[in-house]
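One-letter residues, chain by chain:
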Amino acid sequence: MSTTVLDRTAPTEHPVLDVLAERWSPRAFDPATPIDEAKFASALEAARWAPSSGNSQPWRFIVARRGSALHHGIHSALMGFNQAWAGDAAVLLVAVAETATDEGTPIHHAAYDLGQAVAHLSVQAHHDGLVVHQMGGFVAQRIREIAGLDERFAPMTVLAIGELGDPASLPEPLQQREVAPRVRRPIDATVLLSA
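Along each chain, residues carry numbers from 1 onward, in the same order as the chain's sequence is written. Selection of residues for local features in this predicted model requires a pLDDT of at least 70, selection of side-chain atom pairs for listing and counting requires 80 or more, and totals for whole chains, interfaces and linings are taken over all residues. Note that the side-chain values use all heavy atoms of the structure and ignore hydrogens as well as water.

Trainee: Summarise the overall build of the chain; cite the residues concerned and give the values.
Mentor: Numbering of helices and strands runs from the N terminus; a helix is a DSSP stretch of H or I covering at least four residues, while a strand is a stretch of E covering at least two. Looking only at helices and strands, one finds eight helices and four strands in the chain. The order of helices and strands in the chain, counted from the N terminus, is α-α-β-α-α-β-α-β-α-β-α-α. Our radius of gyration is a C-alpha quantity, and the globule rule it is checked against amounts to 2.2 Å times the number of residues to the power 0.38. For a compact globule of 195 residues, the expected C-alpha radius of gyration is about 16 Å, and the chain comes in at 17 Å, within 12% of that figure. Along the longest, intermediate and shortest principal axes, the C-alpha atoms of the chain span 55 × 50 × 30 Å. A contact between two residues is defined here by any heavy atoms of the two lying within 4.5 Å. Look at the contacts in the chain between residues 6 or more apart in sequence, and 76% of them connect residues 24 or more apart. Accessible surface is estimated by sampling points in the Shrake-Rupley manner with a 1.4 Å probe; for residues, cover comes only from the protein chains shown. Accessible surface, the chain as shown: approximately 10600 Å² in total, 56% of it carbon and sulfur. Seen as two clouds, the 15 positive and the 22 negative side-chain charges of the chain have centres 3 Å apart. A residue counts as positive if it is Lys or Arg and as negative if it is Asp or Glu; His and the chain ends are not included. For the purpose of locating charges, the reference atoms are NZ of Lys, CZ of Arg, CG of Asp and CD of Glu.

Trainee: Requested: an account of the sheet that holds strand S2 (residues 91–98), with residues and values cited.
Mentor: The strands making up a sheet are joined through hydrogen bonds of the backbone, oriented either antiparallel or parallel. Taken in spatial order, the four strands of this open sheet run S1-S2-S4-S3, and their pairing is antiparallel. With partners counted over all chains shown, the strands left at the sheet margins are strand S1 (59–65) and strand S3 (131–135), one partner each. The average angle at which neighbouring strand axes cross in this sheet is 25°, direction not considered. DSSP-based pairing: two strands are paired if at least 2 bridges between them are found. Alignment of S2 against strand S4 (residues 153–162), held across eight bridges, turns out to be antiparallel. Directly across from Ala97, in S4, lies its bridge partner Ala154. Between N-to-C directions, angles span 0 to 180 degrees; the directions come from axes that are lines fitted to C-alpha atoms, helices contributing only their stretch in contact.

Structure, rendered in structure tokens:
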């Protein structure tokens, strides 16, 4: 079990829940600790109960535990520097949007609903002591092939999930990013229109 502790609390402009301010996206994962199955089940349960337009629940997940051929395959589909660190994660989870019904009717809100499910999963995982890092750098077609996904299912992101590891285990440029100050643009620059 990892004993690494980093205080990465966001310097918020206004008060938010601690679980939101403290959640961050590390790249250092403990390569020796398997996923805590009870905590992981709770994270999936949180995703299950995320808001969903018309209760359509257009999200699916591919769960790849470290050491499995599936984990190796998903890891091989990652691009760039994601491959340098994500292999240590206990689970690589592919978040998949169901973009159309079985009959072919488009589900226009699929990506939005999937994002809600992943946000709920991430917050629950953080609350329970797991860390999550979402990645957009992957070859979607490779994941489609590995998982045998129908065209109506779109891999949207890959999440590395597990116990926090030692930042010193990362390549030097990533070590610096792991401890760099957290920043966000101000709320004024985010709100486009307000009356």
